[in-house]
Amino acid sequence: MLKFKSSVNNIILIASAYITVLFNFPFFNKVFHTVTLNETYNIYFLISVPILLFSLMTIFNSLFSSRFIFKPFLIFTFLLSSILFYATFHYGVIFDYGMIQNSVETDSAEIFSYFNFYAIIFFLFFGLIPSVLVFYIKLERGTITQELFSRIRLVTIFFVIIGTIVSLFYVNYASVGRNNRELTSYLTPFKFYEASYKYMIRSLYNSSREFRFLDIKPTQDKSETKPKITVLVLGETARAKNFSLNGYGPSTNAYTASTDIVSFSNFTSCGTATAVSVPCMFSRLNKENYDKHIADSQQNVLDLINLSGVDVMWIDNNNGGCKGVCKRVKTIEIDVDQTDPLCDGEYCFDQKLLEPLEQKIKNLKADNTLIVLHMIGSHGPTYFKRYPKIHRKFVPDCQRSDIQNCSTAELINTYDNTILYTDFVLKKIIERLENISITGNFNSSLLFISDHGESLGENGFFLHGFPYLFAPKEQTHIPMLYWQNAKNTQFNLACIRNKATLNLSHDNFFDTLLGITEVNTSAYDPEKDILNSCNKNT
């Protein structure tokens with residue numbers, strides 16, 4: 001094959017220009033819209049931004065220009081940047097610390113759900129082909145001394161350019177930077193490298209943290225004479241905006257609307273991704289002081305409930321797992337490889353949760369039982385794979401993973417179908433709990449709560465995982481539903497309904513679950529328990 005020849009400096013400049021102009025288009029787009037909001041913006045400052053980034057990129061690439069690492073480094077950068085750019089440009093995803101954490105803790109099936117024909121074509125043309133060209137280019141190099149001085153001259157020139165830009169527009173950069181810190185999250189691939197480094201360092205630093213017990217002797221409240229069963233349904237990617245129980249137009253809660261279910265309409269999440277929200281909501285930590293490593297190294301609410309003597313079981317249909325919160329309680333994972341019309345080898349529909357639930361209910365061995373059902377719910381972008389064809393009520397829907405190429409109506413219909421199907425599963429759970437309440441004289445209750453919400457194209461954003469400070473409401477406003485059997489002797493339902501519009505969050509979950517399961521512990525805060533004042537026994 002013909003080999004092109006070029007100096008190292010020329011390749012550095014070409015590669016830096018390519019990465020700057022193409023892969024950082026989302027960054028420039030955000031900067032342009034931010035700066036031009038001010039009618040008196042400085043056009044020369046705006047022009048300086050790509051020049052500054054190109055200069056920084058050139059200096060950065062120059063650091064890796066030594067003989068044995070230069071080509072592998074550029075190839076890796078092209079391949080990585082093409083993937084990052086596609087995700088950012090089409091879905092609005094940015095790769096900060098939280099997204100790196102979520103990516104590392106995500107299973108392969110979920111990762112591959114993001115791949116589609118357009119993603120592969122994009123990766124081929126803008127990542128792989130340029131990488132092949134780099135591989136076959138013959139680099140013209142001088143002696144070590146010549147190469148060193150050549151690189152020093154190149155870097156010096158661009159340091160001078162950077163210094164000139166900063167001296168002329170320092171006030172503009174300082175003002176825009178301070179007021180729009182999220183802009184740096186769009187820098188490709190710099191933000192990815194920074195976030196990956198932070199994740200690696202924090203993981204290594206916290207790997208040997210000593211485990212902390214919040215309470216070594218939690219107990220159960222014995223004031224109730226009836227045995228009780230609580231089913232906690234942990235939803236996935238459900239946003240409150242699309243629940244008809246909250247006033248949404250399409251009837252997405254057609255199944256539970258006929259029950260006495262209570263929807264808490266002003267509920268917010270701890271994070272915008274499962275890897276943050278799930279361990280956060282089950283921990284004693286609040287959103288403001290949440291730290292993954294601290295949460296992992298101390299008891300969570302399931303540990304306390306289990307230690308009190310409550311029979312706790314976690315049943316998982318989410319390929320991402322429980323993010324560590326269920327590792328000290330009995331756990332069942334739905335087998336996606338089983339031969340079953342509800343499973344396809346990668347995922348199972350959430351109806352599969354009903355089978356182990358039914359088995360557990362038939363074989364209760366304690367007077368107080370907590371069963372956690374972790375759904376696959378509404379996880380995208382393959383929303384159409386979250387519900388059977390028989391549950392395609394809202395049509396036309398989006399039967400593809402490259403959701404940005406579907407119409408808004410199709411995308412929303414697909415997502416609404418996932419919510420409707422979740423509601424169908426919830427109704428089936430309620431029917432089972434109603435039955436045991438009658439036949440076994442149980443106090444039964446169901447608590448449904450989502451981990452985070454989802455963007456469906458609003459303001460150009462798709463999916464979830466945006467930094468919380470800048471996240472749209474669709475990613476943080478989540479549903480929480482509560483149901484109890486008609487003759488429940490623990491809570492006053494009318495009192496609970498009066499709390500349905502309060503501003504609440506995942507910060508209330510830890511104590512509310514302790515209250516529902518009637519566990520006495522020093523870690524309990526009654527002020528954060530949503531249902532505490534409605535308890536007939538207090």
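Reading the values: rules and limits
- Residues numbered from 1 in each chain as written.
- Predicted model: local features only at pLDDT ≥ 70, side-chain atom pairs only at ≥ 80, totals over all residues.
- Heavy atoms only, no water.
- Helix = DSSP H or I, 4+ residues; strand = E, 2+ residues; numbered from the N terminus.
- Rg over C-alpha atoms; globule rule 2.2 N^0.38 Å.
- Buried < 20%, exposed > 50% of the residue type's maximum accessible area, 1.4 Å probe, protein only.
- Contact = heavy atoms within 4.5 Å.
- Salt bridge = Lys/Arg side-chain N within 4 Å of Asp/Glu carboxyl O.
- Expected span 1.5 Å × (residues − 1).
- Disulfide = S-S within 2.5 Å.
- Phe/Tyr/Trp six-rings, centres within 6.5 Å; stacked < 30°, edge-to-face > 60°.
- Lys NZ or Arg CZ within 6 Å of the ring centre and 35° of its normal.
- Core = buried A, V, L, I, M, F, W, Y, C linked by side-chain atoms within 4.5 Å.
- Pairing = 2+ DSSP bridges.

### Regarding the overall build of the chain
Turning to step 1, where the next piece is worked out: Counting its regular elements, the chain contains 17 helices and 14 strands.
Turning to step 2, where the next piece is worked out: In summary, the chain has a C-alpha radius of gyration of 27 Å against a globular reference of 24 Å for 538 residues, a match within 12%.
Turning to step 3, where the next piece is worked out: Structurally, the chain occupies a C-alpha span of about 85 × 50 × 50 Å along its principal axes.
Turning to step 4, where the next piece is worked out: Residues counted as buried form 57% of the 538 residues belonging to the chain.
Turning to step 5, where the next piece is worked out: Partitioning the intrachain contacts of the chain with sequence separation of at least 6 by distance along the chain shows that 78% fall at a separation of at least 24.

### Side note on the pattern of salt bridges
Turning to step 1, where the next piece is worked out: For the structure on display, the rule yields 19 salt bridges.
Turning to step 2, where the next piece is worked out: Notably, a salt bridge pairs Arg392 with Asp397, separated by 2.6 Å at the nearest N-O pair.
Turning to step 3, where the next piece is worked out: Among the residues examined, Asp397 registers a relative accessible area of 8% and is labelled buried.
Turning to step 4, where the next piece is worked out: When salt bridges that share partners are traced, they join Arg239, Lys241, Glu458 and Glu474 into one network.

### Focus: helix H14 (residues 408–439)
Since the α-helix advances by 3.6 residues per turn, residues separated by three or four positions end up pointing in the same direction.
Turning to step 1, where the next piece is worked out: Over its 32 residues, H14 runs 47 Å from end to end, which matches the ideal 46 Å to within 8%, given 1.5 Å per residue.
Turning to step 2, where the next piece is worked out: Where H14 terminates, the next one or two residues include Asn441, which has phi positive at roughly 55 degrees.

### Details of the state of the cysteines
Turning to step 1, where the next piece is worked out: Inspection of every chain in the model, using the stated rule, returns five disulfides.
Turning to step 2, where the next piece is worked out: In this model, Cys343 is linked to Cys348 through a disulfide, with the two sulfur atoms separated by 2.0 Å. The S-S bond linking Cys343 to Cys348 shows a torsion near 110 degrees; that makes this disulfide right-handed. Comparing Cys343 with Cys348 shows no difference in burial state: the two are buried.
Turning to step 3, where the next piece is worked out: Cys398 shares a disulfide with Cys406; S-S distance 2.0 Å. The disulfide joining Cys398 to Cys406 has a torsion of about 65 degrees about its S-S bond and is therefore right-handed. Like Cys398, the residue Cys406 is buried in the burial classification.

### With respect to the packing of aromatic side chains
Given two aromatic rings, their pairing is described by the distance between the two centres and the angle made by the two planes.
Turning to step 1, where the next piece is worked out: This model, assessed by the stated rule, comprises 29 aromatic pairs.
Turning to step 2, where the next piece is worked out: It is Arg239 that lies over the ring of Tyr415; its NZ or CZ is 5.7 Å from the centre.

### Observations concerning the nonpolar core
Nonpolar side chains tend to gather and get buried jointly when the protein is soluble and globular.
Turning to step 1, where the next piece is worked out: Among the nonpolar cores identified, the biggest contains 100 residues, and Phe27, Val233, Leu373, Ile429, Leu446 and Phe448 are the most heavily contacted of them.
Turning to step 2, where the next piece is worked out: Each residue touching Val233, except ones within four places of it in the same chain, is listed here: Leu373, Met375, Leu426, Ile429, Leu446, Leu447, Phe448 and Ile449.
Turning to step 3, where the next piece is worked out: Ranked by size, the runner-up nonpolar core spans 41 residues in total, among them Leu370, Val372, Tyr482 and Phe491.

### A word on helix H2 (residues 25–35)
Turning to step 1, where the next piece is worked out: Where H2 is concerned, the buried positions are Pro26, Phe27, Phe28, Val31, Thr34 and Val35.
Turning to step 2, where the next piece is worked out: Residues of H2 that are buried in the fold lie against helix H1 (8–23), helix H3 (43–62), helix H4 (70–91) and helix H8 (144–179).

### A few points about the pairing of strand E9 (residues 443–450)
Turning to step 1, where the next piece is worked out: Counting buried positions along E9 gives eight out of eight residues, so the element sits mostly inside the fold.
Turning to step 2, where the next piece is worked out: With burial as the criterion, each face of E9 is covered, one bearing Asn443, Ser445, Leu447 and Ile449 and the other bearing Ser444, Leu446, Phe448 and Ser450.
Turning to step 3, where the next piece is worked out: Sheet analysis places strand E4 (residues 228–235) next to E9, joined by eight bridges and oriented parallel. Its bridge partner being in E9, Gly235 is matched across the sheet by Ser450.
Turning to step 4, where the next piece is worked out: Two strands pair when backbone bridges link them, and E9 and strand E12 (residues 477–484) are joined in this way by five bridges, in the antiparallel orientation. When the bridges of E12 are listed, Ser445 appears paired with Gln484.

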